[in-house]
Amino acid sequence: MPTTRRTFLAATAATAAPAAAPAALDPVRIARRHAFVRDLPTPDFFEGMLAGNGDIGLCIVVRPDALGLHLGKLDVWDIRVSEDHAQHVLPFDKVLELWKRAGDEAKRQGKPDMLHLESNIPFFREYYDKVRSSYAQPWPRPWPCGTVWLHWDSRWVRVARQQLDPSNGLYTLDLDVERTGCCRIQAFVNWNQGHILVWSDGPAPVTSLAYYPHIDTKVSLPDPRLESAAGEFFCFQLLPSNGQDSNFALCGVLAGDWRAYGPGVAFTRPAPAPLRLDLTLMTPRDAPDNVPRARSEARRLAAVPAARLQAETARAWRSFWSRSAVELADRELERLWYRNQYFLACCLRKGKVAPGLFGNWSAGSIGTAWHGDYHMNYNTQQVFWGVFSSNHVDQHLPYLDLVERLMPIAERDAREMFGLPGAYFPHSAYPVPSQVNAYPVPPWGLEICETPWTVQSLWWHYRCTLDEKFLLRAYPPMRAAARFLAAFLKKGGDGKYHVIPTVSPENWGCTVDFRLNRDSIIDLALAEFLFEACEEASRILGLDAAERERWREIRKNIAPYPKGKGPQGEVWLDVAGAPDEHVYNVPVTLSPVFPAERVGLGRREQLLPLARNTARAVRLEGGNDLVWQPLARARLGMLDLEWFKREVRYCLLPNGVANDRTRQIGGRYSDRTSPDFMMRMGIWTENLSLPVVVNECLMQSYTGVIRLFPNAQGLGRARFENLRAMGAFLVGASWDGKAAADVRLLSERGAEARLLNPWPGRKPVVRSGSADVPVAWEGDVLRFPTRAGASYVVQV
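Summary of the structure given here. (Residues numbered from 1 in each chain as written. Predicted model: local features only at pLDDT ≥ 70, side-chain atom pairs only at ≥ 80, totals over all residues. Heavy atoms only, no water.)

**Let's talk about the state of the cysteines**
Reasoning step 1: Under the definition given, this model contains 0 disulfides.
Reasoning step 2: Cys182 takes part in no disulfide bond, and the closest cysteine sulfur, belonging to Cys183, lies 6.8 Å away.
Reasoning step 3: A relative accessible area of 54% places Cys182 in the exposed class. (Disulfide = S-S within 2.5 Å. Buried < 20%, exposed > 50% of the residue type's maximum accessible area, 1.4 Å probe, protein only.)

Following this line, the structure appears as structure tokens:
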């Protein structure tokens, strides 16, 4: 059973003496004070209130005359996928020949500094176009499940107030109705079912309903099958794909005297009456008989009292919130933490499909840019960065499912494209039946960093749970990635292992003589991370001793990170020879700090001045760094929280989501580029990981040493409970603005605890129950043994 905030506090209170446990935080109460409230209509999708259950997504919009429900689901996709491009994919050595010929042509033209040979040299461009041809199709893509509209007469009805309570997922709409007073309509997505409920507390002025399935004539899907009669409607949408068809079934049941009229799905009723609409939405992944099941479940649930169904969902949300809690004097940071935890829970859940770029919220073309797919050069991984420290490790399991599903493609690419062992993971992927790499396209399809990056979080998962059963499942893809890297990296005359050629993430493209395609800093740093992880994992499992020594030898002799000197002094560069003042899309030059965790507080601190100077000097275009950049700064103990909050505010949509918004020209963007060009593509799920930045200010443990309040300047009073640390510890502490207090640990696995002394110059004691626990000192680090399930108090 997972440890919750309540069991952690109860165990600590029972066993820790003489220090009394502080009153437990109530995360449900704290989440409720960050409710979303509007007092005007919100007709636009990006103003709408977002709800979900980790599978179904609901965007609730309100016009002056209607309530709209935009429906989406993680596994509802136009699953057609073309693999015609596969016949054009060349083995890697042939691609290198093409690359060299393109470089020679650039030199013949007198342009040895040419960037993006793949676009600028015609015969290389021809290859690029061929292998990109399938990706250029409009499918696969998330397929919206349609929109329900509930209408009233705006002459007599006024939208008074809307509220969405993140503590329980309950949406409330208050209407002022002439002559009859106020009417309250409520809605929620059922946590336990593929079900949405809308109901009123009395007679509602809703006079008609219409449902519109999503239809896009440009993509030629079969028309949906629609039915409506006697207060019930149904939609069946076939989603065909080469004999592996899917579909969704939507059923709506209306209580009361509703009469169908006209073509399509439309109902009217003669007079105001209590409103109740039950919607079920199911795919074959939910049930093989999803079509009859959607009907039967809608009818069954329509007979269950609304209050009972809502109470069951509220209990599920309470269980979710019980896993961890923070309380901050800085209410803006606190709001950021709770709202984004809520959004993430709406679109991410164990047993469901991992969310793509835009999650489960869609309407029309919203949510379909870049196919709404999985981009493995940060976008997909970033979604999961905060689930570990927030103690929602189960939310990571859909990512492991994704990695395992990609393994056959990755192994085939390593074998057939590169002629190497192991697995080479793709740049892009879809949650649809597919047999080939969707995007083997130079240059981005040749980012070597994506292979170690794809499997990185599998090691994080193990380290924070010490679950060897999980490690047995995670180790094969980790090992496959390490095997590929060990074969791809080559030892140079300097005795160092180099990554040549490679591509810095979305910088430079293919260049002449690999001028800017050598030893990208992110390749080197993530390779170090993966080799070290596989060394340790193989030791734990007693496997691959010979390979372990090979991985260690490469790691110990990997090429140095590229550096340069510019106007800001010495800094890391993404590749040797890169311009010092280049405007990057992501903070790739900070990769040794994060995601690779090679440098930071407590690790290779002799490099901290260089790392911090790089953080100060790096120029970023915005739109892709809202989480990554501040997280890296927190790891360096230099995050300005006021700056961080301003950056988030700059990117906020009216619905409370922080989307991708650019800030700097000079890289890929110019004065003609709208800073908002990505803001209306969809709900960028990558930024829902913003709570990890707060967590890293409260506690860090990536080195194996728990470090409390490592980035507390400007934080103000703070308290947290049940944040998860490496070593399978659940940690709580408070901060009064100057010093830590109330330090408590629960050990899940009985590992040795290592804690940086929270009170420099003083000698704390550790107690479990009434017993003192022996402490060993390693510099400023306390080390003490623990027992699985036992709680510990550290105090001075």
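**Considering the nonpolar core**
Reasoning step 1: If you look at the biggest cluster of nonpolar residues, it comprises 257 residues, and the most contacted ones within it are Leu67 and Phe709.
Reasoning step 2: It is helix H13 (residues 521-541) that contributes the most residues to this core, 13 residues altogether.
Reasoning step 3: Among residues more than four places away in sequence, those in contact with Leu67 are Ile60, Val61, Val62, Val148, Trp149, Leu150, Trp152, Tyr171, Leu173, Ile185 and Val198. (Core = buried A, V, L, I, M, F, W, Y, C linked by side-chain atoms within 4.5 Å. Helix = DSSP H or I, 4+ residues; strand = E, 2+ residues; numbered from the N terminus. Contact = heavy atoms within 4.5 Å.)

**A few points about the packing of aromatic side chains**
Each aromatic ring pair is characterised by the separation of its centres together with the angle its planes make.
Reasoning step 1: Under the criterion given, the structure shown has 40 aromatic pairs.
Reasoning step 2: Ring plane angle 50° and centroid distance 6.0 Å describe the contact between Phe92 and Phe488, whose orientation is recorded as tilted. Taken together, the residues span a long stretch of sequence, with Phe92 in helix H3 (residues 92-108) and Phe488 in helix H12 (residues 468-488) at a distance of 396 residues.
Reasoning step 3: Exposure remark for Phe92: the relative accessible area of 9% places this residue in the buried category.
Reasoning step 4: Cluster of aromatic residues (ring-pair linked, three or more members): Phe36, Trp191, Trp317, Phe320, Trp321, Trp337, Tyr338, Tyr342 and Phe343.
Reasoning step 5: Here the guanidinium or amino end of Arg179 rests over the ring plane of Trp156, the centre of that ring lying 5.6 Å away.
Reasoning step 6: When the ring centre of Phe36 is taken as reference, the NZ or CZ atom of Arg339 above it lies at 4.1 Å. (Phe/Tyr/Trp six-rings, centres within 6.5 Å; stacked < 30°, edge-to-face > 60°. Lys NZ or Arg CZ within 6 Å of the ring centre and 35° of its normal.)

**A short note on helix H16 (residues 628-635)**
Reasoning step 1: Burial within H16 is extensive, with 8 of its 8 residues counted as buried.
Reasoning step 2: Among the residues making up H16, those that are buried are Trp628, Gln629, Pro630, Leu631, Ala632, Arg633, Ala634 and Arg635.
Reasoning step 3: Following H16 by one or two positions, Gly637 has its phi on the positive side, about 70°.

**Quick notes on the pattern of salt bridges**
Oppositely charged side chains can pair when the atoms bearing their charge come close.
Reasoning step 1: Throughout the structure, instances matching the rule amount to 63 salt bridges.
Reasoning step 2: The shortest N-O distance in the salt bridge between Arg300 and Glu297 comes to 2.9 Å. Remark: Glu297 and Arg300 occur in helix H6 (residues 290-302); sequence separation between them is 3 residues, near one turn of the helix.
Reasoning step 3: Under the relative-accessibility criterion, Glu297 is labelled buried at 12%.
Reasoning step 4: Linking Glu332 and Arg649 is a salt bridge whose minimum nitrogen-to-oxygen distance equals 2.6 Å. Taken together, the positions of Glu332 in helix H8 (residues 331-347) and Arg649 in helix H17 (residues 641-650) put the pair 317 residues apart, joining distant regions of the chain.
Reasoning step 5: Through salt bridges that share partners, Arg29, Arg33, Glu327, Arg331 and Glu334 make up one connected network. (Salt bridge = Lys/Arg side-chain N within 4 Å of Asp/Glu carboxyl O.)

**Notes on the packing of H8 against H17**
Any two packed helices are characterised by how steeply their axes cross, that is the angle between the axes, and by the distance between the axes.
Reasoning step 1: Close contact between H8 and H17 brings their axes to 11 Å; oriented N to C, the two are set at 50°. Taken together, H8 and H17 sit at an angle that is classed as oblique. Considering the relative orientation of H8 and H17, their crossing is left-handed. On the side of H8, the interface is formed by Glu332, Leu333 and Leu336, while H17 contributes Leu641, Phe644, Lys645, Val648 and Arg649.
Reasoning step 2: Of the residues in the contact of H8 with H17, the class split is 5 nonpolar, no polar and 3 charged. (Axes fitted to C-alpha atoms, helices over the stretch in contact; angles between N-to-C directions. Parallel < 35°, antiparallel > 145°, perpendicular 65-115°, else oblique. Left-handed = near helix turned anticlockwise from the far one by under 90°. Nonpolar A, V, L, I, M, F, W, Y, C, P; charged D, E, K, R; others polar.)

**A short note on the pairing of strand S7 (residues 147-151)**
Reasoning step 1: Of all 5 residues making up S7, 5 are buried, and the element is well covered by its neighbours.
Reasoning step 2: Of the two faces of S7, the one holding Thr147, Trp149 and His151 and the one holding Val148 and Leu150 are both buried throughout.
Reasoning step 3: Note: S7 against strand S12 (residues 208-212), 5 bridges, orientation antiparallel. What sits directly across from His151, in S12, is Ser208. (Pairing = 2+ DSSP bridges.)

**Re unusual backbone geometry**
Reasoning step 1: At the junction of Pro442 and Pro443, the peptide bond is cis and its omega measures out at 5° in the coordinates.
Reasoning step 2: Following the sequence through the fold, Pro443 ends up in the loop between strand S21 (428-429) and helix H11 (450-465).
Reasoning step 3: Cis geometry is adopted by the peptide bond preceding Pro595, which originates at Phe594 and carries an omega value of 15°.
Reasoning step 4: Here Pro595 is to be found in the loop between strand S26 (583-584) and helix H15 (608-617).
Reasoning step 5: Positioned with a positive phi, Tyr378 is a non-glycine residue whose angle comes to about 125°.
Reasoning step 6: Looking at the element boundaries, Tyr378 is found in the loop between strand S20 (374-375) and helix H9 (379-382).
Reasoning step 7: Owing to a relative accessible area of 3%, Tyr378 belongs among the buried residues under this scheme.
Reasoning step 8: With a phi close to 60°, Glu506 is a non-glycine residue in the positive phi region.

**A closer look at the sheet that holds strand S31 (residues 729-735)**
Reasoning step 1: Strand order across the open sheet formed by 7 strands is S19-S30-S31-S32-S38-S34-S35, with antiparallel pairing between neighbours. The open sheet is flanked by strand S19 (325-328) and strand S35 (771-772), the only strands paired with a single partner.
Reasoning step 2: When strand S34 (residues 765-768) meets strand S38 (residues 791-795), the two strands line up antiparallel, connected through 3 bridges. When the sheet's bridge partners are listed, Arg767 is paired in S38 with Val793.

**Here's the deal with the side chain of Arg555**
Reasoning step 1: The topology assignment puts Arg555 in helix H14 (residues 545-556).
Reasoning step 2: At 2.7 Å, the side chain of Arg555 forms a polar contact with the side chain of Glu535.
Reasoning step 3: Not counting chain neighbours up to four residues away, the residues in contact with Arg555 comprise Glu528, Phe531, Glu532 and Glu535. (Polar contact = N/O pair within 3.5 Å; in protein donor to acceptor, adjacent residues only side chain to side chain.)

**Side note on the sheet that holds strand S8 (residues 157-165)**
Reasoning step 1: With antiparallel pairing, the 9 strands of this open sheet are ordered in space as S1-S8-S9-S10-S11-S18-S15-S14-S13. Each end of this open sheet is capped by a strand with a single partner; those strands are strand S1 (36-38) and strand S13 (225-229). Across the sheet, the mean angle separating the axes of adjacent strands is 10° when strand polarity is ignored.
Reasoning step 2: Judged from the 7 bridges that link them, strand S11 (residues 195-204) and strand S18 (residues 273-282) form a sheet pairing that is antiparallel. Following the sheet pairing, Ile196 is matched in S18 by Leu279.
Reasoning step 3: Docked against the sheet, H6 engages S11, S13, strand S14 (232-239), strand S15 (246-254) and S18, running at close to 150° with respect to S18.
Reasoning step 4: Sitting on the sheet, helix H7 (residues 306-321) is in contact with strand S9 (170-177), strand S10 (181-189), S11 and S18, with an inclination near 135° to S11.

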